[in-house]
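The residues making up each chain are set out below.
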Amino acid sequence: MPEAIAYELAKKQKEISVAEFFERNKHILGFGNPTRALITSVKEGVDNSLTKDMPIVIEDNSVVKIEKIGDLIDQKMKEIKPESLKNGQLERLKISGLKTLCFNRENLTLELKEISTLFRHKVNSDIYRVTLKGNRYADLTDYHSIFGFRDGRIKPMKTSELKEGDYLVVPNGKWDTPLILEIDLLEELLKLTPQETEKIGIYGINKIFLDIREQLLAILPYNKKYRINDFRKCDRIPFNILREITVDRRIFDHCTVDFKFGKHKIKTKIPITKDLAEFLGIYIAEGSISGGHKVNLSFGSHEKDLTTYVKNLFKAVWDQKATIAKAHHTAVNVVINSTILAFILKKIFEVGNKANTKRIPKFVFNFPVNYREKFLMAYLAGDGYPSKEIFSCMEKQETLTKIQVERITLATASKDLCSDLFYLLSSIGIDCTFDVNKPETRILLGKKANFSDSYILYIYIKQGISDLHKMPLSGIVENNKDSKLQYSINYNNQTQITVLHALKLQKNEYLSLTEVGEKLAHSQIGLLKVKNIEKINYDGEWVYDISVPGEENFMSGLGPIACHNSLDACEESGILPDIYVEVKNPTEEECIVIVEDNGPGIIKQQIPHIFARLLYGSRFHAVRQSRGQQGIGISAVVLYGQLTTGKHAKIISKIEENQPAVLVELAIDTNKNRGEIQHQEITHWDKPSGTRIEVSLNADYKRGKRFVYDYLQSTSIVNPHARIVFKEADGTEHLFERTADILPKKSEEIRPHPYGIELGTLIKMSKETKARKLASFLKNDFSSMGDRTANAVCDEAKLDRNLNPADMSREQFLFLYQAFKKVKIMAPPTECLSPIGETLIRRSLKSETQEISPEFIFTASRPASVFSGNPFQVEVGIVYGGNLPKDKPVKILRFANRIPLLYQQGDCAVTTAIASIDWRRYGLDQPSGTGIPIGPAIFLTHIASTQIPYTSESKEAIADVEEIENEIKLAFREVARKVQMHINKKVRRVKTREKFDLITKILPEIAKKSAHMLNKPVPSLEKVITRIMDVVWIEDLVEYEKVRGKQVQTKLDVNNPKGQTESGGWIAKSTIMVVNYKGKPQKFSLYALFPKNATVGEVKPKPTKITDTYIKWSLESIDPTDKIDLFFELAGLNKGDFDENDLYVQNINPTYVIGADKWEGE
Amino acid sequence: MQRDYSGVITKIDSIAAKVYADLEKAEIPALQLSTRTKANIRFDDDLNVWKYGKNKTERSANSLDGAYMLLRTMYLVDFIKDMIKEKKSSTLRETYYISEGWNLAKFSSQNESDLLAEDLEVITGCMREDFKLRPEEDGARVIGNLVVEEMTRNNTKKKIHCQDDVGDAGYGIPYNVEKEKLSFKEVDADFIVAIETGGMFDRLVENGFDTDSRAVLVHLKGQPARSTRRFIKRLNEEKKLPVLVFTDCDPWSFRIFGSVAYGAIKTAHISEYLATPAAQYLGVTPSDIENYKLPTDTLTSEDIAALKSELDDPRFQDQFWKHEIKLQLNLGKKSEQQALAKYGLDYVTDTYLPEKLVEMGMLKK
């Protein structure tokens, strides 16, 4: 009877645990044979200890505005539930689409950078108000830190450590914001609710009627189709229809917008003009809206000129006629009755209504700098003092600086407006001082009137008077020879100097500036002294913080001050990894693999989860850049060991210095797929913290030993910050020393990109998202989705943006999924990747190939690229020459996400790419131009990506993805070109060296001999030399000098969270000799390139220009047979990073020159 | 006998002067000399020999190699002047070794110094001997009814009869065969036979050919030395003896004939001293191979290339040579002179040579 049998069969079936699966399929995970098993075990052990990298994506939201950090964070955390940590004390929300102003810690320039995370922390300590000279202030907790200048360096300082007189960093330059050149009225209206825009219509649609006719008919209910004629007659469609039709909104460019029965129509595209800027400025000063339709600006009756000006502005900007009406005997109004204008001002420009709620209108911060200034001028012409002078300046279209006063005063009842203005002024590089007028009770018109606080700003027009244009002397100015200054310092307690004065004295060589001083003088930041620090009462529940990856600072305060992301800094461990690997071989078949590191250790409860549970710990759709096998890793080793030897893995872990370590013996229960502690004890371990694992397994030591060595060597090349020790069974120790003292750049978790997502994943994500609206879901759970794109996708899918993802049906998700493909979505940002960097690759290779004494090493790094929505970046290196065998195929080292790929070379995309390049033209042998070339070289490839496409489960080879293959080819071509150029250069040099020998050695001998024979004097050789050589000869030499104790500010340090600088390091000294061996004088420019991460020290003679990649000299005319010596120093490099100058010339025929190539521009 | 070397000194001084003058004028110093290639030889009707044409090459200090050569030239010229002053001479090999002390001007190989000496000859028009430079090579052997008078190293004159006073090896031609060193006293012979191989020379001597046929036998020893050629030329001109050249049948041997009769390309500047325009080619010709059915070897590719090159050689442009060379190319074979032994050791003296001599009008029959 079939039923019974089925039941019988069902009884026998059971769930196969992952562990059992593994037992039968070891080869999938790299345990197929004993040699592989050894290497895989070591690999997993080592992988577990190195720093974990996760990429993150944040998208740009281009409208710039000033928002309160508390409001902003509270609002965001209301929309999306944040993570709660530390028992609810800390709430954290990762977001995308926001940027903030910070200063670049290397260049000291101002930038807008993405915010990655929002934090709010329950108030648990005192709050201090730090006030600076000029009265700007910031309220901070005592453990928060803020950027300042101390001991000659710019660094973060804890609030609790601040004292009066300390200097803090503030912005002092113009900000570049994303420019908005016109306002798309339709788009802005679409952002409002349909109720708000109900009564608005679009006019002038007859021109494009045919384009929209079909869709209109489609939307109109069957019994109202006649309305289409109405539309035609009135030449108007209701605005809200736009929400329902799909059309390229550009067709409405010529249309206007107005309320029904309105008389003043406004164009759908409002261009940003100076008139608009001025209008908005004046409006904020003097404007108000009443009755929902009256737009009113009030002036004193004596301000006739201003009034006329404003009336003209109305016409110029809105094409509308304003009326001038007398309000009362001292006041005049300029009025327009226009509902649409009032609406736009209120809802779109968000100007605020009452005097104490006024704000700077939306978009103003996105105006070009000069228009921002126009806005300010207009505002000041209305509300500033002395307004007459300001107005006359405005009329003449002059800039603020031309106003013939020392300072301008403005007062406003709106604290927010005052703050906005402070920032706006800062954004165009103008300093101001802040003050508050406490309210006073005044008698006005016979009645007691209460005035609220009035906030005042003093704007300094002339440069040099404001404190912002001064620098402290200490740590900035050195070797002062100016007696007046010295006197002032000695007797007048002068502690600061204006920047201009300092630069002038420097130019005339009366003093020199330190490196920091030099940077500061040309930077976009300034230093202000702390005037006061006092505790304040704070009645808020939370304090707020944000994280800005990379620069770790943001401008904040009433009046911008540079604050540090202290919370993030606390989370970093910043330990440079030391890894110890030992393999013992007690019997023929058995190996003991030991891996030890100095990391933070693992808490006891987690040990079984980490080491003894397969497929544990991976959130399916969180695209995490992990270093190797995902989720299986070390547990597989433990399992394999248990299977083959029956012995249990031993793990020692220590998490804190003053606590003992715990030793655990671990087994895996394969039925339950769980780890079980067989035995544990407390033990003593000398390290401050770390993890150690010891596993016994069956492995072929003899064969595997060499692979282990190769693997560890390769690993050390691509992880230059790690120090690896490998002890063999016979006691031999190999040391792979670290070649970099900084951790690799941290990258964070990336959200999936819509292009790469599967429908099933999409649905799963929707069930797990914290967002409650579809638009927020898209914006926050995916990368590259900002407001515009999210809305576009929703529109395309015909879904309401406010739908709750949890309520959506499968069909709706299908529409959404298809919409992804149809809407143009930006590529994921690629700053999330953590490439190794050319300098470090080179250094690593150099150190590892020392015994080979290679002839040269070249590297190339491609810019990041994308495949299927995943960012990736290719870096390559070539080691050439020396003792490498000339007649064997080149050695190929492949790496993916800093892990060496040791097997399946033939199947790998890297190999395919290399084989498809014709290497014969680069000096290598390659029969028929395809295949692996033959020659004395090592090729290194590293691919960093959030998702490496492997060919199979064993993850040893990269799949043939076209984009990746292309990038690899491009990278190798780039480095091969460098090789070729180097060889050509060498050949040319040899040739010219011959000529050089000729003229320096042989020619004089000929002259001497012939003179001797004829008994005549030796003839002069100069002219002959130039005729023979007929070139401009350029020769260079790079030497290294070790420097001790000198404070060398190196670029690489900026990423070090502890903020240390190297005291001592190498200075590269480069000498360039230029000799003119041509018959005529020569005059030209010379460029010397240097690596990006180096800092330039002394340069002689004074160059014309220095950027972060080259130095340019415009040389004076050199006579025939004359020579010029040039010299420059570089810091921040290791010895040998830079050993040959890369020189270029300009304004001279390049064939005349030996030793430099033609300058092609940047 | 003292020779006046002042002319030589003037000529070599002019080399130094040219270089010096160039430097003074701020020009790159350079020396010009005739190109010594096949393309640059032309027949001089007056002298009846082949000399260099108009093409010149330049050794200039513009290149590293040229500069080195100029330096070496200066040193060599200075050295020659010294030798002349000190009344010493040196071999080419010694010169090469002496250059070791010239620092930068050191010769990198013997060949280099030999070539430089030739360059000097070409520029100045003097001979090596004028520079007091001697080669290693020795002259050929002579057996015949001829009396020469040689000025020995003791500065005495000695008479030597080239049959009675010499052994089987014959009289060895010294390196200097100029009048002050060697003169011809008496001769009783009808013609001179210049023989390429030593084996054939010995055969003829053993067979008594010199007495029977009244010939002066000269063993060329392969490509003949200058002294040998000079000797033959002087003997031919002074004693009016016809010269017949008897070699193997292959292109290299034809060249040997060429250097005796027309002048070598390398010494074209002094062809008038060394070449014997009246010399005639006796054998072995490709026609002889056919007529006498001689044992042969196949021509190698180098042989064929050399033959083709000779077709272009201006010195071999007459009817006879063109016919013979083309014949040989068609035969594809070469033969040695000693192959005549096929018909017996005496065949050459009994049959072959008499037949050839009648053909050429040397003997009457």
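Above this text sits the structure in question.
What counts, and where the lines are drawn
- Residues numbered from 1 in each chain as written.
- Chains lettered and ligands numbered in written order.
- Predicted model: local features only at pLDDT ≥ 70, side-chain atom pairs only at ≥ 80, totals over all residues.
- Heavy atoms only, no water.
- Helix = DSSP H or I, 4+ residues; strand = E, 2+ residues; numbered from the N terminus.
- Buried < 20%, exposed > 50% of the residue type's maximum accessible area, 1.4 Å probe, protein only.
- Contact = heavy atoms within 4.5 Å.
- Areas by Shrake-Rupley, 256 points an atom, 1.4 Å probe, with all protein chains shown as cover.
- Buried area = accessible area lost by both parts, 1.4 Å probe.
- Salt bridge = Lys/Arg side-chain N within 4 Å of Asp/Glu carboxyl O.
- Nonpolar A, V, L, I, M, F, W, Y, C, P; charged D, E, K, R; others polar.
- Pairing = 2+ DSSP bridges.
- Polar contact = N/O pair within 3.5 Å; in protein donor to acceptor, adjacent residues only side chain to side chain.
- Axes fitted to C-alpha atoms, helices over the stretch in contact; angles between N-to-C directions.
- Parallel < 35°, antiparallel > 145°, perpendicular 65-115°, else oblique.
- Expected span 1.5 Å × (residues − 1).
- Core = buried A, V, L, I, M, F, W, Y, C linked by side-chain atoms within 4.5 Å.

Draft legend 1. Examining the overall build of chain A more closely. On a plain count of helices and strands, chain A comes out with 28 helices and 58 strands. Relative to its full complement of 1162 residues, chain A shows a buried share of 53%. Once local pairs closer than 6 in sequence are excluded, the contacts in chain A between residues at least 24 apart make up 71%. Within the structure as shown, chain A displays about 54300 Å² of accessible surface, and the carbon and sulfur contribution to it stands at 49%.

Draft legend 2. Looking closely at the interface of chain B and chain A. Every contact between the two is made by 25 residues of chain B and, on the other side, 24 residues of chain A. Here chain B meets chain A over a buried area of about 2200 Å², counting both sides, of which 76% is carbon and sulfur. Of all residues in chain B, the largest losses of buried area upon contact with chain A belong to B:Tyr20, B:Leu23 and B:Leu64, amounting jointly to 31% of the total for that side. At the boundary of chain B and chain A, one finds one salt bridge. In this structure, A:Lys1009 and B:Asp78 form a salt bridge, with 2.8 Å as the shortest nitrogen-oxygen distance. Contributing elements (two or more residues each) for the side of chain B that touches chain A: α1 (6-24) and α2 (64-86) of chain B. When residues of the side of chain B that touches chain A are assigned to their parent elements, the largest contribution, ten residues, is made by α2(B). Classifying every residue of the side of chain B that touches chain A gives 18 nonpolar, two polar and five charged.

Draft legend 3. Focus on the sheet that holds strand β15 (residues 280-283) of chain B. Residues and elements named next belong to chain B. The strand order across the open sheet built from six strands is β10-β7-β13-β12-β14-β15, with neighbouring strands paired in mixed fashion. Each having just a single partner strand, β10 (171-172) and β15 make up the two edges of the open sheet. The sheet contact formed by strand β14 (residues 243-246) and β15 spans three bridges and is parallel. Directly across from Val 245, in β15, lies its bridge partner Tyr 281.

Draft legend 4. Representation of the side chain of A:Arg842. Residues and elements named next belong to chain A. Within the secondary structure, Arg 842 is located in helix α25 (residues 838-848). Take Arg 842: its relative accessible area is 14%, and that puts it in the buried class. Within the structure, the side chain of Arg 842 is placed 3.1 Å from the backbone oxygen of Ile 857, a separation counted as a polar contact.

Draft legend 5. Quick peek at the packing of α2(B) against helix α4 (residues 110-124) of chain B. Residues and elements named next belong to chain B. The geometry of α2 relative to α4 is characterised by a closest axis approach of 11 Å and an angle of 75° between their N-to-C directions. Compared by their axis directions, α2 and α4 come out roughly perpendicular. For the pair α2 and α4, contact is made by Met 69, Arg 72, Thr 73, Leu 76, Val 77 and Ile 80 and by Glu 112, Leu 116, Ala 117 and Leu 120, respectively. Here the contact of α2 with α4 is built from residues that sort into seven nonpolar, one polar and two charged.

Draft legend 6. Inspection of helix α11 (residues 369-383) of chain A at higher detail. Residues and elements named next belong to chain A. Helix length check: α11 (15 residues) gives 21 Å between terminal C-alpha atoms against 21 Å at 1.5 Å per residue, within 8%. Judged by how many residues are buried, α11 sits mostly within the fold: eleven of 15 residues are covered. Every buried residue of α11 is listed here: Arg 372, Glu 373, Lys 374, Phe 375, Leu 376, Met 377, Ala 378, Tyr 379, Leu 380, Ala 381 and Gly 382.

Draft legend 7. Here's a closer look at the nonpolar core. Residue and element names in this part refer to chain A. Residues Phe 103, Ile 154, Phe 252, Phe 314, Trp 318, Leu 345 and Phe 349 are the most contacted members of the largest nonpolar core, which totals 128 residues. Residue contributions to this core peak at eight residues, all from helix α8 (residues 274-286). Those residues in contact with Leu 345, other than ones at most four positions away along the chain, are Phe 279, Leu 280, Tyr 283, Ile 289, Val 295, Glu 350 and Val 351.

Draft legend 8. Representation of the pattern of salt bridges within the structure. All names here are of chain A. Counted according to the given criterion, the structure contains 58 salt bridges over all chains. With a shortest N-O distance of 2.9 Å, Lys 274 and Asp 275 are connected by a salt bridge. A residue is classified by how much of its surface remains accessible, and Lys 274, at 23% relative accessible area, is partly exposed. In this structure, Arg 862 and Glu 974 form a salt bridge, with 3.6 Å as the shortest nitrogen-oxygen distance. Here Arg 862 is found in the loop between β43 (856-861) and β44 (865-867), whereas its partner Glu 974 is found in helix α27 (residues 962-1014), with 112 residues between them in sequence. With relative accessibility at 17%, the residue Arg 862 sits in the buried group. Exposure remark for Glu 974: the relative accessible area of 22% places this residue in the partly exposed category.

Draft legend 9. How the structure looks around helix α20 (residues 701-718) of chain A. Residues and elements named next belong to chain A. For α20, which comprises 18 residues, the first-to-last C-alpha distance of 25 Å matches the rise-based estimate of 26 Å (1.5 Å per residue) to within 8%. All of the buried residues in α20 are Tyr 701, Gly 704, Val 708, Tyr 711, Leu 712, Gln 713, Ser 714, Thr 715, Ser 716, Ile 717 and Val 718. Residue Asp 700 occupies the N-cap position of α20, its side-chain oxygen lying 3.3 Å from the main-chain nitrogen of Lys 702.

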